[in-house]
Amino acid sequence: MPTLKICDVGLQPDTSHAFHSMLTIVAGRSKAAWQLAGVEHADVLFASSEGDGSAFAAWGATGKPVVLVIDDRSSWPPAPFVLRHPFRVMQLLSVLDDVADLLAASPGRERGDPSRWSAAESLRALMPQSGNAAWHVTRTPLGEEVWLGHGLVRAAARTIARLRAGELEVAAFHPTGTSPPADAPAIAACDFAWYVGLSGPARLAPWLFADVAYRLRRWPDFGRLGVNTGMLELCAMSTVRAWTPAALVEASGQLAADVHRFLAAASLAGLLVANGSEQAPALLARGRVQSGWDRFLGGLRRHLGLAA
Amino acid sequence: MSGVEAGEFKIVFTGPMGAGKTTAIAAISEVEPVRTEVENTDRVAHAKESTTVGFDFGRITLADGSVVRLYGTPGQMRYRFMWDILGRGAAGVIVLLDASAPGALVQLDVFVDAFIPHVAHGALVVGVGRTDVPNAPSTDAFAARLDARGIVAPVLSVDVRRQGDVMMLVRTLVCILGSHTAHGVPA
């Protein structure tokens, strides 16, 4: 029996309490073992339909199956998994089994994937105009607001900290007529875009092409963003010449997922340019006799804690 | 002839007075840096008490016994003749700037112009301090300045009092050197 994690979001306290109680009742009867989890680690969201719809859109944009909870006065919404409150055990069990079937049928899916792409795609569209005065806003699955405008991203300090740690999921940005709190901490929009790219899915971003060579037009400020050795290497290589994604993976010896995330981050931050469809030539270093320079660089790299 | 073939691998720290060159070398040198500092008589340019007039020198010894020499140039224009002497044969150059100093962007041009001819592999890294001072230009402004000149070089915000930041500059420089060696277009 698979174990699946579920999180209730935006429910009224009594509805949330009822849901938690029912989960214990369905334990052992469902096709999956259900565990409560935080929203970012959940496989499934159990969300309220109350509000103006933007919250539910945010949950939906996470790409995780959403069980939409409606009250007994609401009309049935056009959503795949709907449950009317007050709950009945068998109805809850039926919905949970349907969700378990869906997840079992797509074991390879990257949960949370569409949300990250949708946020990234909206960022791509907005970055060229991110300096404009108009604000756009998105939410994390925890309901934290993240604002984009004036060349900045504003959010609560803890939200920004989670972003820097690669632990933040956000949905697509949408226009808003309101403004963020004036004292909300800010980071540069391009820095935000870098982090969103780095925390994205493992595969090549949909706006990048496997047969196109890319090079760096400008380095990210690692003093501001934080750095690891792998990123330094990829930036250095991408400064020297343009690489197709596959060629960069091969030449760098890094995981494809890391290279793809680097490319997504660099492109979202506006640091990457396409350089035609040229293939990177064969590596000059392969098979050649090490010169004194090579040996020296190898020694220096080891001294500095870089891969030799 | 490369510096290595000549038995010397040299990294040069340059930049205007007060940018932190001496501090940066001291942060990573395995020996007490050799300094040629005298009393600063140009308190208009910078309020610090002493300034480098010859050069600073530090050293890193690698496991195989080879040595990386770290040179810091004087920052004042009147000692410009030392820049060419120290820059010659450099494997790479680290330009340090103080974003809060007047004309910091112009200083970038001055030092890039002076040292670009000496770095064969484009091994140039720019470290910018005090970017958090109100109205100081951001690292993006410095990077844009390089963009306009067709130079793709890292511009990193640093605090050279932190060894980790100085090591980041050196690691970045070495990564660039390694990439040019392994993946660069042959001359």
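Residues numbered from 1 in each chain as written. Chains lettered and ligands numbered in written order. Predicted model: local features only at pLDDT ≥ 70, side-chain atom pairs only at ≥ 80, totals over all residues. Heavy atoms only, no water.

Engineer: What's the story with the sheet that holds strand β10 (residues 186-188) of chain A in this structure? I'm lost.
Structural biologist: Within a sheet, adjacent strands bond to each other through the backbone by hydrogen bonds, running parallel or antiparallel. Residues and elements named next belong to chain A. Pairing is antiparallel in the open sheet, where five strands are placed in the order β9-β6-β7-β8-β10. Of all strands in the sheet, those bounded by a partner on one side alone are β9 (174-176) and β10. Along the sheet, successive strands turn relative to each other by an average axial angle of 35°, direction set aside. Both strand β6 (residues 135-139) and strand β7 (residues 145-149) contribute to a ladder of four bridges, which runs antiparallel. From the neighbouring strand, Thr-138 faces β7, where its bridge partner is Val-146. Set on the sheet, helix α6 (residues 189-198) makes contact with β7, β8 (152-154) and β10; between it and β10 the angle comes to about 80°. (Pairing = 2+ DSSP bridges. Helix = DSSP H or I, 4+ residues; strand = E, 2+ residues; numbered from the N terminus. Axes fitted to C-alpha atoms, helices over the stretch in contact; angles between N-to-C directions. Contact = heavy atoms within 4.5 Å.)

Engineer: Before we go on, may I ask you to explain the environment of Ile-187 of chain A in this structure?
Structural biologist: Residue and element names in this part refer to chain A. Tracing the backbone shows Ile-187 in strand β10. For the pair Ile-187 and His-41, spaced 146 residues apart in sequence, the C-alpha separation works out to 26 Å. In contact with Ile-187, other than residues within four places in its own chain, are Gly-151, Leu-152, Val-153, Ile-160, Leu-163, Arg-164, Phe-192 and Tyr-195.

Engineer: What's the story with unusual backbone geometry in this structure? I'm lost.
Structural biologist: In terms of backbone geometry, most residues other than glycine have negative phi values and most peptide bonds are trans. Here His-85 of chain A and Pro-86 of chain A are connected by a cis peptide whose omega angle stands at 10°. Checked against the element boundaries, Pro-86 of chain A lands in the loop between β5 (81-85) and α3 (89-105). Residue His-150 of chain A is not a glycine yet carries a positive backbone phi of 60°. The class of His-150 of chain A is partly exposed, set by a relative accessible area of 41%. Look at Arg-130 of chain B: it is not a glycine, yet its phi comes out positive at around 60°. Among the secondary structure elements, Arg-130 of chain B is positioned in the loop between β7 (124-129) and α4 (139-148). (Buried < 20%, exposed > 50% of the residue type's maximum accessible area, 1.4 Å probe, protein only.)

Engineer: Is there a simple way to think about the domain arrangement of chain A in this case?
Structural biologist: How big an interface is tends to be reported as the loss of accessible area on association of its parts. All names here are of chain A. Domain parsing of chain A yields domain 1 (3-105), domain 2 (114-198) and domain 3 (211-254 + 272-308). Every contact between the two is made by six residues of domain 2 and, on the other side, five residues of domain 3. For the pair domain 2 and domain 3, the two sides together bury roughly 490 Å², of which 63% comes from carbon and sulfur. Three residues, Asp-191, Trp-194 and Tyr-195, lead the burial of domain 2 against domain 3; their summed loss comes to 78% of the area buried on that side. Counting every contact that joins domain 2 to domain 3 gives one salt bridge. A salt bridge links Arg-224 to Asp-191; its shortest N-O distance comes to 2.8 Å. Taken together, the links from domain 2 to domain 3 amount to three residue pairs in polar contact (both at pLDDT 80 or more). Among the elements that take part in the side of domain 2 that touches domain 3, α6 stands out by supplying five residues, more than any other. (Domains from an automatic or database assignment. Buried area = accessible area lost by both parts, 1.4 Å probe. Salt bridge = Lys/Arg side-chain N within 4 Å of Asp/Glu carboxyl O. Polar contact = N/O pair within 3.5 Å; in protein donor to acceptor, adjacent residues only side chain to side chain.)

Engineer: What exactly am I supposed to notice about the packing of aromatic side chains here?
Structural biologist: Two aromatic rings, taken as a pair, are described by how far apart their centres are and by the angle between their planes. Residue and element names in this part refer to chain A. A complete count under the given rule lists eight aromatic pairs over all chains for this structure. Ring centres of Phe-19 and Phe-46 lie 3.8 Å apart, and the angle between their planes is 15°; on these two criteria the pair is classed as stacked. Here Phe-19 is found in helix α1 (residues 13-26), whereas its partner Phe-46 is found in strand β3 (residues 44-48), with 27 residues between them in sequence. Residue Phe-19 is classed as buried on the basis of its relative accessible area of 0%. Here Phe-46 falls in the buried class, since its relative accessible area comes to 0%. With a centroid separation of 6.4 Å and an interplanar angle of 85°, the aromatic rings of Trp-194 and Phe-262 are classed as edge-to-face. Linking Trp-194 in helix α6 with Phe-262 in helix α10 (residues 256-268), this pair joins segments that are 68 residues apart in sequence. Residue Trp-194 is classed as buried on the basis of its relative accessible area of 2%. For Phe-262, a relative accessible area of 0% translates into the label buried. (Phe/Tyr/Trp six-rings, centres within 6.5 Å; stacked < 30°, edge-to-face > 60°.)

Engineer: I would appreciate a short explanation of the interface of chain B and chain A in the present structure.
Structural biologist: Facing 39 residues of chain B, the contacting portion of chain A comprises 35 residues. When chain B packs against chain A, close to 3300 Å² is buried across both sides, 69% of that on carbon and sulfur atoms. Between chain B and chain A we count three salt bridges in total. Arg-217 of chain A is paired through a salt bridge with Asp-147 of chain B; the nearest N and O atoms lie 3.5 Å apart. Linking chain B to chain A there are six residue pairs in polar contact (both at pLDDT 80 or more). Secondary structure elements with two or more residues in the side of chain B that touches chain A: β4 (56-61), β5 (67-72), α4, β8 (155-157) and α5 (163-183) of chain B. Broken down by element, the side of chain B that touches chain A gets its largest block of residues, 15 residues, from α5 of chain B. Its residues assigned to classes, the side of chain B that touches chain A shows 24 nonpolar, 12 polar and three charged. (Nonpolar A, V, L, I, M, F, W, Y, C, P; charged D, E, K, R; others polar.)

Engineer: Looking at this structure, I do not really get the sheet that holds strand β6 (residues 92-98) of chain B. What am I missing?
Structural biologist: Residues and elements named next belong to chain B. The strand order across the open sheet formed by six strands is β4-β5-β1-β6-β7-β8, and the pairing between neighbours is mixed. Pairing within the sheet leaves two strands with one partner each, and these edge strands are β4 and β8. Looking at each pair of strands side by side, their axes are set apart by 20° on average, direction ignored. Sheet strands in contact with α4 are β6, β7 and β8, and its direction is about 165° off that of β8. This element, α5, spans β1 (9-14), β6, β7 and β8 of the sheet and lies at about 160° to β7.

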